[in-house]
Amino acid sequence: GLASEMPLYTSFMGFAFMASLGLPGLSGFWGEAMTFIGAFPRYRVLTILAATGVIVTAAYHLWALQRMFLGKFREEWRKSEYLKDFGGKFPEIDKREILSVAPLAVLVLVLGFYPRPLLHLIDAGSAQMHRMVDKPGPTQIAKLEKRPTLEQVAQNKAAEKTKAGVKKETAQ
């Protein structure tokens, strides 16, 4: 397969395939996990069907990865007119392409272990949507708490500083 000709490219593609599958430790995991956890109490059958779809997708991804990169390399590919400029060889990923892809790979990995920055962006909207769609009842698995806005947090910090200043003055 292409792994013998383009090992670095194969590594990046394998990483992207695994991230696309939603493997734990990669950014795609959290979306799938929260979707299944949130949907299961109310839509058990549909959630099980969706999880089955994930398994079928994993099988397809691994099959495609094996066929493209890990199978037997076809020598007739070298005769392609598209490879004439490269001497009949597949060109490996170059530095410019690595500099483009590496930060994305790091981001996928970091968000796989610490997704909070992105989740914080959608908290308020998803809580509102949850209240509209799912009325309080036995199917809810978590209590929605109202979080303070940034303005309220700033006001609370200012009030704390004022209290600390007043305490210093009375202590003197």
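Scroll up a little and you will see the structure.
Heads up: these notes are all about the structure in this document. (Residues numbered from 1 in each chain as written. Predicted model: local features only at pLDDT ≥ 70, side-chain atom pairs only at ≥ 80, totals over all residues. Heavy atoms only, no water.)

1. Digging into the environment of P24
1) Next: Note on placement: P24 falls in the loop between α1 (7–21) and α2 (28–39).
2) Next: Taking C-alpha positions, P24 is 8.3 Å from F113, a pair spaced 89 residues apart along the chain. (Helix = DSSP H or I, 4+ residues; strand = E, 2+ residues; numbered from the N terminus.)

2. What about the nonpolar core?
1) Next: By size, the foremost hydrophobic cluster in this structure holds seven residues: L2, M6, F17, A64, L65, F69 and F73.
2) Next: With three residues, the top contributor of residues to this core is helix α3 (residues 44–70).
3) Next: Non-local contacts of L2, meaning those with residues more than four positions away in its chain, are made with T10, M68, F69, F73, W77 and F90. (Core = buried A, V, L, I, M, F, W, Y, C linked by side-chain atoms within 4.5 Å. Buried < 20%, exposed > 50% of the residue type's maximum accessible area, 1.4 Å probe, protein only. Contact = heavy atoms within 4.5 Å.)

3. Considering the pattern of salt bridges
1) Next: The final tally for this structure, using the stated rule, is three salt bridges.
2) Next: Of the charged contacts in the structure, one is a salt bridge between R78 and E75, with a shortest N-O distance of 3.0 Å.
3) Next: One salt bridge connects R116 with D123, and the closest N-O pair in it is separated by 2.2 Å.
4) Next: If you follow the salt bridges from partner to partner, you end up with E5, E75 and R78 in one network. (Salt bridge = Lys/Arg side-chain N within 4 Å of Asp/Glu carboxyl O.)

4. Notes on the environment of T57
1) Next: Mapped onto the elements of the fold, T57 is located in helix α3.
2) Next: The partly exposed category is assigned to T57, whose relative accessible area is 35%.
3) Next: Sequence separation between T57 and L21 is 36 residues; the distance between their C-alpha atoms is 7.3 Å.

5. Structural notes on the packing of α1 against helix α4 (residues 95–113)
1) Next: Between α1 and α4, whose axes approach to 11 Å, the crossing angle comes to 30°. Considering only the axes of α1 and α4, their crossing is left-handed. In this structure, α1 contributes L8, F12, F15 and A19 to the contact, and α4 contributes I98, V101, A102, A105, V108 and L109.
2) Next: Of the residues belonging to the contact of α1 with α4, the class tally is ten nonpolar, no polar and no charged. (Axes fitted to C-alpha atoms, helices over the stretch in contact; angles between N-to-C directions. Left-handed = near helix turned anticlockwise from the far one by under 90°. Nonpolar A, V, L, I, M, F, W, Y, C, P; charged D, E, K, R; others polar.)

Shape descriptors only; they carry no functional weight alone.
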